[in-house]
Amino acid sequence: MNATMRRVVIGATAVSMALSIAACGKAGDDKASDSGSSGSGGKSIGLLLPDSVTARYEKFDKPYFDAKVKALCSDCQLEYANAAADPAKQAQQVSNMVTKGVKVIVISAQDSAAIKSSIQSAVAKGVKVVAYDRLAQGPVSAYVSFDNVKVGELQGQALLDALGAKATTASKIVMINGDDADPNAAQFKQGAHKVLDGKVTIAYEQSGLWKDTVAAQKMSAAITQLGAKNIAGVYAANDGMAGGIANTLKGAKISGIPLTGQDAELAAIQRIVAGTQSATVYKAYKPEAETAAQLAVNLLEGKDIKSLATTTLTSGSGDKVPSQLLTPVSVTKANIKDTVVKDGLYTVADICTPEYAAACKAAGLQ
């Protein structure tokens with residue numbers, strides 16, 4: 001599944017992937033992602049991610065974060081847990097890490113408001129907290145993410161571009177937003193409305209809760225309410241939901257209409273190649289994860305973070321948070337090679353499996 005924007009170069013210089021040799025726990029587990037107990041060494045950093053449904057977290061964010069921490073602090077211990085989309089579980093995971101002696105916790109909040117008391121409790125015990133990708137409420141020391149309003153603007157503009165001459169106030173758009181518990185979702189929505197309002201008609205708008213199944217159900221309801229022939233395009237706030245929506249559209253025999261997304265998931269890139277999704281938004285995970293790792297290590301070692309968090313945002317709890325906002329990029333069929341392939345996120349072989357070979361050839365990827 002964002003404010004004043006700070007430009008960074010997409011595709012940061014590669015670092016050696018010093019991945020931990022011990023297996024990390026499955027989604028929702030509280031096992032250490034490195035060998036040994038973090039409670040005994042004093043140099044311990046924890047990473048808490050919100051869910052395992054969104055492909056990016058386990059596949060990209062975690063390994064990039066782990067590798068950068070190890071490159072900066074070879075004797076640092078790493079702890080990891082995934083909330084499996086359960087706010088109560090994530091609150092318990094924060095408590096567990098504090099008990100284990102973790103000194104800095106990097107957290108992507110499943111529910112930014114609900115986690116506030118857990119963060120307050122951790123900070124009261126001397127733990128530093130970095131908000132990752134989502135601005136958690138409470139006394140966090142720093143925040144790193146992307147310009148989320150800009151993400152929504154890119155999504156909205158991609159939808160208009162795909163509509164072309166059909167982008168009129170007579171065109172009915174279905175809008176499936178993210179989870180209201182995620183502050184980013186409101187910013188994506190804000191940016192999209194900024195671009196779309198007055199140019200098309202948002203005829204149906206609901207939250208898909210960042211779940212493909214929920215988004216599919218909402219899309220089905222929209223088709224029933226509006227009529228299959230009356231839907232000009234669909235705004236989906238992320239690629240996971242876009243996948244569920246694409247399946248619903250196919251089942252309803254609706255084709256050739258724009259569908260947005262976000263996160264540049266492999267399945268979404270393949271849908272873009274195949275023509276069943278028009279665009280996604282690429283948020284380069286590596287610079288985001290590496291910035292979070294650098295912030296965590298600096299806070300652990302008592303170093304300044306001003307050069308890493310160059311702006312300030314106000315969280316939902318009113319806290320002023322030193323922040324770094326990275327630059328998102330819109331991805332369509334025309335620039336797949338120059339974005340996700342160029343940055344090494346995926347290879348052409350990853351994208352162009354036999355099922356997509358013909359479409360890839362037509363798109364100039366093979």
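Provided above is the structure to which this section pertains.
Numbering of residues begins from 1 in every chain and follows the order in which that chain's sequence is written. Local features are withheld for residues below a pLDDT of 70 in this predicted model, meaning they are given only at 70 or higher, and side-chain atom pairs are given and counted only at 80 or more; totals for whole chains, interfaces and linings count all residues. Based on all heavy atoms of the structure, the side-chain values leave hydrogens and waters out of the count.

Draft legend 1. Structural view of the sheet that holds strand β5 (residues 142-146). Pairs of strands are assigned from DSSP output, requiring at least two bridges between the strands. Segments assigned H or I by DSSP are reported as helices when at least four residues long, segments assigned E as strands when at least two residues long, and all are numbered from the N terminus. Spatially, β2-β1-β3-β4-β5-β11-β10 is the arrangement adopted by the seven strands of the open sheet, whose pairing is mixed. Strands at the two margins of the open sheet, each flanked by one partner only, are β2 (77-82) and β10 (311-314). Recorded for the sheet is a direction-independent mean angle of 25 degrees between the axes of neighbouring strands. Between the N-to-C directions of two axes lies an angle of 0 to 180 degrees, each axis being a line fitted to C-alpha atoms and, for a helix, fitted only over the stretch in contact.

Draft legend 2. How the structure looks around the sheet that holds strand β7 (residues 201-207). Judged by pairing direction, the sheet is parallel, and its three strands sit side by side in the order β7-β6-β8 without closing on themselves. Since the sheet does not close on itself, it has two edges, and those belong to β7 and β8 (233-236), each with one partner. On average, adjacent strands in this sheet sit at an angle of 20 degrees to one another, irrespective of strand direction. As judged from the six bridges shared by strand β6 (residues 172-177) and β7, these two strands associate in the parallel manner. In the strand pairing of β7, Asn177 is matched with Ser207. By definition in these notes, contact holds between two residues if any of their heavy atoms fall within 4.5 Å. Packing of helix α4 (residues 148-163) onto the sheet brings it into contact with β6 and β8, and relative to β8 it is tilted by some 165 degrees. Contacts between helix α7 (residues 239-251) and the sheet are confined to β6 and β8, with β8 contributing the most and set at about 155 degrees to the helix.

Draft legend 3. Fine view of the packing of helix α6 (residues 212-226) against α7. It is the contact of α6 with α7, at a shortest axis distance of 7 Å, that shows an interaxial angle of 40 degrees. Classified by the interaxial angle, the pair formed by α6 and α7 is oblique. Like other packed secondary-structure pairs, α6 and α7 cross with a definite hand, here right-handed. On the side of α6, the interface is formed by Asp212, Ala215, Ala216, Met219, Ser220 and Ile223, while α7 contributes Gly240, Met241, Gly244, Ile245, Thr248 and Leu249. Under this scheme an angle from 65 to 115 degrees is roughly perpendicular, one under 35 degrees roughly parallel, and one over 145 degrees roughly antiparallel; angles in between are oblique. Handedness of a helix crossing follows the sense of rotation of the near helix relative to the far helix, less than a right angle counterclockwise being left-handed and clockwise being right-handed.

Draft legend 4. Local environment of the pattern of salt bridges. Here a salt bridge means any side-chain nitrogen of Lys or Arg lying within 4 Å of a carboxyl oxygen belonging to Asp or Glu. In total, this model carries 12 salt bridges according to the counting rule given. Note that Asp61 and Arg56 form a salt bridge whose closest N and O atoms lie 2.6 Å from each other. Each member of the pair, Asp61 as well as Arg56, carries the same accessibility label: buried. Between Asp263 and Lys283 there is a salt bridge; the shortest N-O distance is 3.8 Å. Exposure categories follow from relative accessible area, calculated using a 1.4 Å probe and restricted to protein chains: below 20% of the type maximum is buried, above 50% is exposed, and the middle band is partly exposed.

Draft legend 5. Local environment of the packing of aromatic side chains. We call Phe, Tyr and Trp rings a pair once their centres come within 6.5 Å, taking the six-membered ring for Trp, and we label the pair stacked below 30 degrees between planes, edge-to-face above 60, and tilted otherwise. Per the counting criterion, the structure on display carries four aromatic pairs. A centroid spacing of 5.1 Å and a plane angle of 25 degrees characterise the contact between Phe60 and Tyr285, whose relative ring orientation is stacked. Taken together, the residues Phe60 in helix α1 (residues 55-72) and Tyr285 in helix α9 (residues 285-300) connect sequence positions 225 residues apart. Per residue, the accessibility class of Phe60 equals that of Tyr285, and both read buried. Where Phe60 meets Tyr346, the ring centres are 6.1 Å apart and the plane angle is 70 degrees; that geometry is what we call edge-to-face. Remark: Tyr346 occurs in the loop between α10 (337-341) and α11 (348-351) and Phe60 occurs in helix α1; sequence separation between them is 286 residues. Judged by its relative accessible area of 3%, Tyr346 falls in the buried class. An aromatic cluster of three or more residues is present, and its members are Phe60, Tyr64, Tyr285 and Tyr346.

Draft legend 6. Structural context of the nonpolar core. We call a set of buried residues a nonpolar core when its members are Ala, Val, Leu, Ile, Met, Phe, Trp, Tyr or Cys and they connect through side-chain atoms within 4.5 Å of each other. Counting residues in each nonpolar core, the largest one holds 45 residues, and the members touching the most others are Ile45, Phe65, Ile336 and Ile351. Of all the secondary-structure elements, those providing two or more residues to this core are β1 (44-49), α1, β2, β3 (104-107), β4 (128-132), β5, α8 (266-274) and α9. For Ile336, the contacting residues outside a window of four places in its chain are Ile269, Ile272, Val273, Val331, Val341, Ile351 and Leu365. The next biggest cluster of nonpolar side chains, apart from the first, holds 37 residues, and it includes Ala222, Met241, Ala242 and Ala246.

Draft legend 7. Quick peek at the pairing of β3. Burial along β3 is two-sided: the residues Val104 and Val106 and Ile105 and Ile107 are all buried. Relative to β3, β1 runs parallel, the two sharing four bridges. Residue Leu47 lies in a different strand from β3, and its bridge partner there is Val106. Inspection of the sheet shows β3 paired to β4 by four bridges, in the parallel sense. For Ile107, the partnering residue across the bridge sits in β4 and is Ala131. Handedness rule for crossovers: strands pointing away from the viewer, path from the first strand over the helix to the second running clockwise, crossover right-handed. After leaving β3, the chain enters helix α3 (residues 116-124) and then returns to the sheet as β4, a path that is right-handed.

Draft legend 8. Representation of helix α5 (residues 183-196). In this scheme, a helix's expected span is set at 1.5 Å multiplied by one less than its residue total. For α5, spanning 14 residues, the distance from its first C-alpha to its last is 20 Å, which sits close to the expected 20 Å at 1.5 Å a residue. Of the residues making up α5, those classed as buried are Asn184, Ala185, Phe188, Gly191, Ala192, His193, Val195 and Leu196. Contacts from the buried residues of α5 go to β5, α4, β6, β7 and β8. Where α5 begins, the capping side chain belongs to Asp182, and its oxygen is found 2.9 Å from the backbone nitrogen of Asn184. N or O atoms within 3.5 Å of each other form a polar contact, as long as, within protein, one can give a hydrogen and the other can take it, and as long as residues adjacent in sequence are counted only when both atoms are side-chain atoms.

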